[in-house]
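Analysis of the macromolecular model
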Amino acid sequence: MKKKTIITPKDIMKKKMLDDKILGPLVDKTFEEFDKNRSGYLEKEEFTPLLKDIHKTLHLPPPTELVVEKELKKLDHDKDGRLSKEEYTELIEDLISYT
């Protein structure tokens, strides 16, 4: 017998949030907020306050320097030491999926 899949309201919200019509403006707004030097990238000094905000929102302890470096390294696919908007989008998608 086939197992029945139950779709919850939370599942529906996640799907809606991952829709480009919602995700795109959310990414643009938050990326621009933290891209203080308007370089089009988030350098480590811009990524650190972002990660602190995320930790605070999720009721996690503030990230250590080591955590910041590991997260930046994990998300920085082109290994240039900073996050492009595309790399940042991956972080936001992961956070939406996590919650």
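If you're wondering where the values come from, they're calculated on a predicted model, not measured in any experiment.

**Structural notes on helix H3 (residues 44-57)**
- If you check H3, its first and last C-alpha atoms are 20 Å apart, about what 14 residues at 1.5 Å a residue would give, namely 20 Å.
- When H3 is considered as a whole, its buried residues turn out to be Glu-46, Phe-47, Thr-48, Leu-50, Leu-51, Ile-54 and His-55.

**Overview of unusual backbone geometry**
- Of note in the backbone geometry, Arg-38 takes a positive phi value of approximately 55° without being a glycine.
- Locating Arg-38 in the fold gives a position in the loop between helix H2 (20-34) and strand S1 (42-43).
- For Arg-38, a relative accessible area of 59% translates into the label exposed.
- In the Ramachandran plot, Lys-79 falls in the positive-phi region, its phi being about 55° despite a non-glycine side chain.
- Assignment of secondary structure puts Lys-79 in the loop between helix H4 (65-75) and strand S2 (82-83).

**Here we look at the confidence of the model for the protein**
- With 77% of its residues at a pLDDT of 70 or more, the protein has an overall mean of 85.
- For the protein, per-element mean pLDDT is lowest for helix H1 (residues 9-18), which scores 57, and highest for S1, which scores 97.

**Observations concerning the pattern of salt bridges**
- In this structure the tally under the stated criterion is 5 salt bridges.
- Notably, a salt bridge pairs Glu-65 with Lys-44, separated by 2.4 Å at the nearest N-O pair. With Glu-65 in helix H4 and Lys-44 in helix H3, this residue pair connects regions lying 21 residues apart in the sequence.
- One salt bridge in this structure joins Glu-69 and Lys-44, with 3.0 Å as the shortest N-O distance. Taken together, the residues Glu-69 in helix H4 and Lys-44 in helix H3 connect sequence positions 25 residues apart.
- Owing to a relative accessible area of 37%, Glu-69 belongs among the partly exposed residues under this scheme.

**A short note on the nonpolar core**
- Residues Leu-42, Phe-47, Leu-50, Leu-83, Tyr-88, Leu-91 and Ile-92 are the most contacted members of the largest nonpolar core, which totals 17 residues.
- For this core, the secondary-structure elements that each account for two or more residues are H2, H3, H4 and helix H5 (85-98).
- Excluding residues within four positions of it along the chain, Phe-47 makes contact with Val-68, Glu-71, Leu-72, Leu-75, Leu-83 and Leu-91.

**A look at the packing of H3 against H4**
- Running from N to C, H3 and H4 cross one another at 105°; their axes reach a closest spacing of 10 Å. One finds that H3 runs roughly perpendicular with respect to H4. Counted together, Lys-44, Phe-47, Thr-48, Leu-51 and His-55 of H3 and Glu-65, Val-67, Val-68, Glu-69, Glu-71, Leu-72 and Leu-75 of H4 form the full contact between these two elements.
- Its residues placed into classes, the contact of H3 with H4 shows 6 nonpolar, 2 polar and 4 charged.

Calculation notes
- Residues numbered from 1 in each chain as written.
- Predicted model: local features only at pLDDT ≥ 70, side-chain atom pairs only at ≥ 80, totals over all residues.
- Heavy atoms only, no water.
- Helix = DSSP H or I, 4+ residues; strand = E, 2+ residues; numbered from the N terminus.
- Expected span 1.5 Å × (residues − 1).
- Buried < 20%, exposed > 50% of the residue type's maximum accessible area, 1.4 Å probe, protein only.
- pLDDT = per-residue confidence, 0-100.
- Salt bridge = Lys/Arg side-chain N within 4 Å of Asp/Glu carboxyl O.
- Core = buried A, V, L, I, M, F, W, Y, C linked by side-chain atoms within 4.5 Å.
- Contact = heavy atoms within 4.5 Å.
- Axes fitted to C-alpha atoms, helices over the stretch in contact; angles between N-to-C directions.
- Parallel < 35°, antiparallel > 145°, perpendicular 65-115°, else oblique.
- Nonpolar A, V, L, I, M, F, W, Y, C, P; charged D, E, K, R; others polar.

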